[in-house]
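For reference, the chains in residue letters:
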Amino acid sequence: MSFLGLGGGAPKLSSEQKVQAAEAELDMVTDMFNRLVDTCYTKCIEKSKGYSEGDVNKNEGLCIDRCVAKYFDTNVKVGEHMQKIGSSQFPGRR
Amino acid sequence: MTDSSKLVESQPTQASSPASGAAKDAKSSTAKVESKGYSNPALKAMGINRIKLPSRNWMIFLSVTGLLVGGALYDKREQKKNRDKWMKLAEEYGKAQISTNTTPRKVTVFVSPPPNDYLEESWKLFRRYIKPVLNSGGIDLEVLHSNTQGSIRNRVAADIRNLRREIEKNESEKAAKNEGSRSRLSDIIPGFITRPWNSVHQYFLSEEKKKKMAEEEETRQAQAFKKQMENHKHILGIYLNDSNKDQMMESHSEDSDNNKPLNNIGGVICIGRGTYKEYMLGLHEGLLGPLEKPERVVEAQAADEHRILDQKRKRDISRLKKGEELNEPDIKTVEELMEEVKANRQYDDKKSFFAQYDNPDDQDEEYGEYDFTREPIKAYLLPNEYRKEGKLAEEFKNYIFEDKPSVKIPTDDNVPPYYQQPICVMPVPHLLGFLTIPMKIYRFYNKRYVADELGELSFSVVRNVVRPFDAEKDLDLAVKEEEDWPKKWYQKSVDNDKDWVRDLAADKRVVSNLWVYDINFNKDDL
């Protein structure tokens, strides 16, 4: 990131790693988002009546609200748990 | 009569006795040849010799079991039918369109367990018959449940008191601000407009001061920009160039609509007669009662605290005897505890039973966890004191009136607090005890009527048509349930001065502002 090679910026390797990590993270977030949209769409819109109307009605709106909230909560909970398991199983790593 | 019949009976037997031997022979031979049941060659060819009814005992067993199981299944099916009927009616309301940034009407549900039983019993009714109807009607729920008598009362009253404190604080702040902004000139000359004087004042400001003010302005703008950057929606996305993007993106509740009449906003559902009683008691206590704990309550609370400490001490002593090392437990007297209770008066209102549900994240920091061994705090105002000592809260003088309809109490989200919302009471039929078993059996096979009743009530919430609270009959909502309450439990509650066994009293100042969901609708019109 240094300007004209001056300033002795961070080593190149680590910045590549950083980009990789960021990409992995972005992949993960995108994946989760896609799944979330997919799940809540099938659950709340497709299963009720599909596209019978252009607008969202109360039931669908409520369903989507709850679905998204629960999905996020569960995701966070599962993530935390997995991290705990991971750190307890391979304590030497990292 | 008996003699003659005996004669008649005895005569044929005597007459037939000589021939009985022959008849027996004939009977046994025919029994061997044509036995009971149905048979034909085709069945025989398939290996089934005879089709016949089971024996008498089997028949009794099967018919009794069949009846019991069949009755239960029939009832179950009818329950479902009744529930579906109300769900279908409610669905029409759920189909109403709603914009994507609006959340539907939210109803507060209070649940508490029936006497001497677990919360699950009331919960079951809610899950089976109430929630499906509300759900298909597109209504959001907030459920508050308690396990001890009095905690709902305490919560409702504490909520009102907290709001009163907040209003008080806001108003005093506002007054202080007004005081501060008033200039000296306007003090001297009444009616002098402050603004021109201010602009003149500005003119005489020194250069330095002007520079400082410019700097301040710059930092303010920088902060505003930073704040805007925090929300990525402001700098990219489909709303970027939309002029009313703030309005479009901001999510708000349907209840916050100012055009909606006050009595059609939100709603309160009390499940069970006891819950309703607690709710009404809490409402009166909060609106008419004092803001600070009266001496009587302080005493009771200190005594309760002392009881807990005493128990702990006894436990500690028994452990000491066993040879475990312990610090000498310090015993506070009731007087000392009373001082302590007085010292954190407001604290208790915030640390109500439900605080842990409200903000599970910061429960430890400020108010601490709720101690389940503790009794809910006693009422600040009892029903027999409403008239004499009760005074409609000063803080609500701009919002709640004695003689005319009340006005929406402003809150952050513009949704009025739940004690301004209409009420629905759901009965919880629940029997306990050995002698009530026949009645329990009868009720078990007639649950469909409960399903119908609760469905109708839930639908009335969805339908959202209200009528004013009528103190004469509405105090007795679901009163029939009290007949089910066990006598021993009732006596115990009376002895311990509990809330469920109190006589309800309605005070006009509170009740004149309440609304109840109307269930008098013509079902054919729907």
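Just above, that's the structure.
Please read these numbers as outputs of a predicted model, since none were measured by experiment.

(A) A look at the overall build of chain B. Within chain B, the secondary structure is distributed over 21 helices and eight strands. Burial statistics for chain B: of 526 residues in total, 26% are counted as buried. Put simply, of all contacts in chain B between residues at least 6 apart along the chain, 80% involve residues at least 24 apart.

(B) Structural detail: the overall build of chain A. Looking only at helices and strands, one finds two helices and zero strands in chain A. A total of 94 residues make up chain A; the buried ones form 9% of that total.

(C) Structural view of the pairing of strand β3 (residues 140-145) of chain B. Residue and element names in this part refer to chain B. With six bridges connecting them, strand β2 (residues 106-111) and β3 associate as parallel partners. Within β3, the residue paired with V107 across the bridge is L141. The handedness of the β2 to β3 crossover, carried by helix α5 (residues 119-136), is right-handed.

(D) Fine view of the packing of α5(B) against helix α18 (residues 447-463) of chain B. Residue and element names in this part refer to chain B. Remark: α5 packs on α18, axes separated minimally by 8 Å, with the N-to-C direction vectors making an angle of 35 degrees. Between α5 and α18 lies a crossing whose hand is right-handed. Contacts from L125, Y129, I130, V133 and L134 of α5 reach α18 at A451, L454, G455, S458, F459, V461 and V462. Across the contact of α5 with α18, the residue classes break down as ten nonpolar, two polar and no charged.

(E) Representation of the interface of chain A and chain B within the structure. With eight residues of chain A in contact, the opposing surface of chain B contributes eleven residues. For the side of chain A that touches chain B, the residue count by class is two nonpolar, three polar and three charged.

(F) View of unusual backbone geometry. Residues and elements named next belong to chain B. One non-glycine residue with positive phi stands out, namely N464, at about 65 degrees. Inspection of the secondary structure assignment puts N464 in the loop between α18 and β7 (466-468). A positive phi angle, near 55 degrees, is found at D497, a position not held by glycine. You can see D497 is positioned in the loop between α20 (487-495) and α21 (508-511).

(G) How the structure looks around the environment of A21(A). Residues and elements named next belong to chain A. Relative to the assigned elements, A21 resides in helix α1 (residues 12-46). Taking the C-beta count within 10 Å as the criterion, A21 has 10 such neighbours and is therefore assigned exposed. In sequence terms A21 and N75 are 54 residues apart; their C-alpha atoms lie 20 Å from each other.

(H) Inspection of the pairing of strand β5 (residues 268-271) of chain B at higher detail. Residues and elements named next belong to chain B. The alternating pattern of β5 places V268 and C270 and I269 and I271 on opposite faces, both of which are buried. Sheet topology note: the β2/β5 ladder contains four bridges and is parallel. Bridge pairing links T108 to V268 in β5. Examined bridge by bridge, β5 and strand β6 (residues 423-426) share four bridges and lie parallel to one another. Within β6, the residue paired with I271 across the bridge is M426.

(I) Here's a closer look at helix α12 (residues 295-321) of chain B. With 27 residues, α12(B) extends 38 Å from end C-alpha to end C-alpha; this agrees with the ideal 39 Å at 1.5 Å per step. All buried positions along α12(B) are accounted for by V297(B), V298(B), Q301(B), A302(B) and E305(B).

(J) Quick look at the nonpolar core. By size, the foremost hydrophobic cluster in this structure holds 62 residues, and its most contacted members are I269(B), C270(B), I271(B) and M426(B). Apart from the residues lying within four places of it in its own chain, the contact partners of C270(B) are F110(B), T275(B), Y276(B), Y279(B), I423(B), V425(B) and M426(B).

(K) Geometry of the packing of helix α4 (residues 56-94) of chain B against α5(B). Residue and element names in this part refer to chain B. It is at 7 Å that the axes of α4 and α5 come closest, and there the two elements cross at 25 degrees. Classified by the angle their axes make, α4 and α5 are roughly parallel. Here α4 contributes R83, W86, M87, A90, E91 and G94 to the contact with α5, which in turn contributes Y129, P132, V133 and S136. The residue inventory of the contact of α4 with α5, partitioned by class, reads six nonpolar, two polar and two charged.

(L) Representation of the environment of S251(B) within the structure. Residues and elements named next belong to chain B. Structurally, S251 is set in the loop between α10 (245-249) and β4 (252-253). You can call S251 exposed: it has 11 C-beta atoms within 10 Å. Along the primary structure S251 and S99 are separated by 152 residues, whereas in three dimensions their C-alpha atoms are 9.7 Å apart. Those residues within four positions of S251 in sequence are excluded, and the remaining contacts are N101 and T103.

(M) Region of interest: the environment of A224(B). As for its placement among the helices and strands, A224(B) is situated in helix α9 (residues 207-230). For the pair formed by A224(B) and L163(B), sequence separation is 61 residues and the distance between their alpha carbons is 30 Å.

Rules used in this analysis
- Residues numbered from 1 in each chain as written.
- Chains lettered and ligands numbered in written order.
- Predicted model: local features only at pLDDT ≥ 70, side-chain atom pairs only at ≥ 80, totals over all residues.
- Helix = DSSP H or I, 4+ residues; strand = E, 2+ residues; numbered from the N terminus.
- Buried ≥ 20, exposed ≤ 12 C-beta atoms within 10 Å, placed from the backbone.
- Contact = placed C-beta atoms within 7 Å.
- Pairing = 2+ DSSP bridges.
- Right-handed = clockwise from strand over helix to strand, strands pointing away.
- Axes fitted to C-alpha atoms, helices over the stretch in contact; angles between N-to-C directions.
- Left-handed = near helix turned anticlockwise from the far one by under 90°.
- Nonpolar A, V, L, I, M, F, W, Y, C, P; charged D, E, K, R; others polar.
- Expected span 1.5 Å × (residues − 1).
- Core = buried A, V, L, I, M, F, W, Y, C linked by C-beta atoms within 7 Å.
- Parallel < 35°, antiparallel > 145°, perpendicular 65-115°, else oblique.

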